[in-house]
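So you can see what is in the structure, the chains are spelled out below.
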Amino acid sequence: MDRYRVAPEATVSLADFDPADTGGIDKAAAKAETKALNRRLEDLQELLYAEGKHKVLIVLQAMDAAGKDGTIRHVFDRLNPQGVKVASFKKPTAKELAHDYLWRIHEHTPGTGEVTIFNRSHYEDVLIVRVLGLVPEETWGRRYKHIRAFEKRLADEGTTILKFFLNITKDEQKARLQARLDDPSKHWKFDIGDLDQRKLWDDYMVAYETAISETSTEQAPWFVIPAEHKWFRNLVISRILVEAFEGLNMAYPEQTKDLSGVVIE
Ligand code: ATP
Ligand code: MG
């Protein structure tokens, strides 16, 4: 999975990543493997919760219709809701805007034993905010450094951070938005405002390239996920998660209570 990981110090050009990559695997095999991996992830998450040592933060960023919701549904479907949270970050409220941009983020970071998925994140503050010029360059330009420091602090305090950019082409986005438009049962998903962001596609790609290049670190790496084929997207993310969870070398807490004499009447 290393080919999707952005090395620290690397300067990313998204043109080097094929959104339609399938890694040479076919759909049926990918689905079967994802299913097995997700079962494994279920066990690992239970272990994370039971052990109560680690915290896991997963950041999902993407253009509209690239599959953030689908990823959450497919990859995390087997996880126990007790230990998993999704935090979605929308347009900030007046109160949030009155504070620094990390203020609203911090309270949603995972606690011990928890997995938190950020559906959008503090990266919006160097993506849409940069593209729409919501603050001056001087302001957003400083934020990469803040974000590196913020994530380092979380990592130093026991958080495993994995950041996924779901990579699709502009054409694929068009096809997906068109499919929503053509199907009345999908109209609730269609946001006319997405078309304004779509017009700024190239600016967004530049903003993503900078954000990913500036903030992919050893402790908080970015992965550029080929997301044109949903089944491959799910497989790659599941593989990365299982590998990361296994790397935590977790164990069930040692039994300190002596239950040998207990009789239930
Ligand atoms: P979906 O459309 O799949 O329900 P979404 O994540 O696109 O999910 P929306 O409510 O449609 O949710 O959009 C949220 C919008 O808020 C996005 O356009 C996003 O860029 C914007 N947003 C998020 N954070 C910020 C921020 N800090 N400043 C300005 N805009 C933001
Ligand atoms: Mg939207």
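Check the entry above for the structure.
Computed from a predicted model, the values in this text were never measured in an experiment. Throughout this description, residue numbers start from 1 for each chain and increase along the sequence as written. The naming scheme follows written order: chains are lettered A onward, ligands numbered 1 onward. Restriction of local features to residues with pLDDT of at least 70 applies here, the model being predicted, together with a cutoff of 80 or more for giving and counting side-chain atom pairs; totals for whole chains, interfaces and linings are based on all residues. Think of the side-chain values as coming from all heavy atoms in the structure, minus any hydrogens and water.

Draft legend 1. Structural detail: the pairing of strand S5 (residues 222-226). Most of S5 sits inside the fold, with five of its five residues counted as buried. Burial of S5 is two-sided: the residues Trp222, Val224 and Pro226 facing one way and the residues Phe223 and Ile225 facing the other way are all buried. Between any two strands, at least two bridges found by DSSP are needed for them to pair. Only runs of H or I of at least four residues qualify as helices and only runs of E of at least two qualify as strands under DSSP, and these elements are numbered from the N terminus. In the sheet, strand S4 (residues 159-167) pairs with S5 via five bridges, with the strands oriented parallel. Within the sheet, the bridge partner assigned to asparagine 167 lies in S5 and is proline 226. Each residue is placed in one exposure class: buried if its accessible area under a 1.4 Å probe, protein chains only, is under 20% of its type's maximum, exposed if it is over 50%, and partly exposed if it falls in between.

Draft legend 2. Examining the site of ligand 1 more closely. Any residue with a heavy atom positioned within 4 Å of a molecule or strand is treated as near that molecule or strand. Near ligand 1 there are 15 residues, and of these Lys90, Arg104, Arg120, Glu124 and Asp125 occur at the shortest range. Any pair of nitrogen or oxygen atoms within 3.5 Å is treated as a polar contact; in protein, a donor-acceptor pairing is required on top of that, and neighbouring residues in sequence qualify only through side-chain atoms on both sides. Measuring from a nitrogen atom of ligand 1, one finds a side-chain N or O atom of arginine 104 at 3.1 Å. Residue-level accessible areas treat just the shown protein chains as cover; the underlying method is Shrake-Rupley with a 1.4 Å probe. Relative to its free-state accessible area of 640 Å², ligand 1 is covered by the protein chains to the extent of 78%. Secondary-structure elements contributing two or more residues to the shell around ligand 1 are helix H2 (68-75) and helix H5 (128-131).

Draft legend 3. Spatial organisation of the sheet that holds strand S2 (residues 84-88). Taken together, five strands build an open sheet; the order of strands is S2-S3-S1-S4-S5 and the sheet is parallel. The open sheet has two edge strands, S2 and S5, and neither has a second partner. Averaged over all adjacent pairs, the angle separating strand axes in this sheet is 20 degrees, with direction ignored. Sheet strands touched by helix H7 (residues 143-156): strand S1 (55-62) and S4. Its angle to S4, the strand with the most contacts, is close to 135 degrees. To define axes, lines are fitted to C-alpha atoms, for helices over the stretch in contact only, and angles between the resulting N-to-C directions are given on a 0 to 180 degree scale. In this description, contact between two residues means that some pair of their heavy atoms is separated by no more than 4.5 Å.

Draft legend 4. Representation of the environment of aspartate 43 within the structure. Along the chain, the position of aspartate 43 falls in helix H1 (residues 27-51). The spacing of aspartate 43 and glycine 261 is 218 residues in sequence and 30 Å in space, taken between C-alpha atoms.

Draft legend 5. Representation of the packing of H7 against helix H10 (residues 201-215) within the structure. Where H7 meets H10, the closest approach of the two axes is 9 Å, and the angle between their N-to-C directions is 45 degrees. When the interaxial angle is binned, H7 and H10 end up oblique. Crossing hand, H7 versus H10: right-handed. Only Thr210, Ala211, Glu214 and Thr215 of H10 make contact with H7, whose side of the interface consists of Tyr144, Ile147, Arg148 and Glu151. Throughout this entry, Asp, Glu, Lys and Arg are counted as charged residues, while Ala, Val, Leu, Ile, Met, Phe, Trp, Tyr, Cys and Pro are counted as nonpolar. The remaining residues, Gly among them, count as polar. A per-class count over the contact of H7 with H10 returns three nonpolar, two polar and three charged. Roughly parallel here means an angle under 35 degrees, roughly antiparallel means over 145, roughly perpendicular means 65 to 115, and every remaining angle is called oblique. Two helices that cross are described as forming a left-handed crossing if the nearer one is turned anticlockwise from the farther one by less than a right angle, and a right-handed crossing if clockwise.

Purely geometric numbers; function is a separate question.
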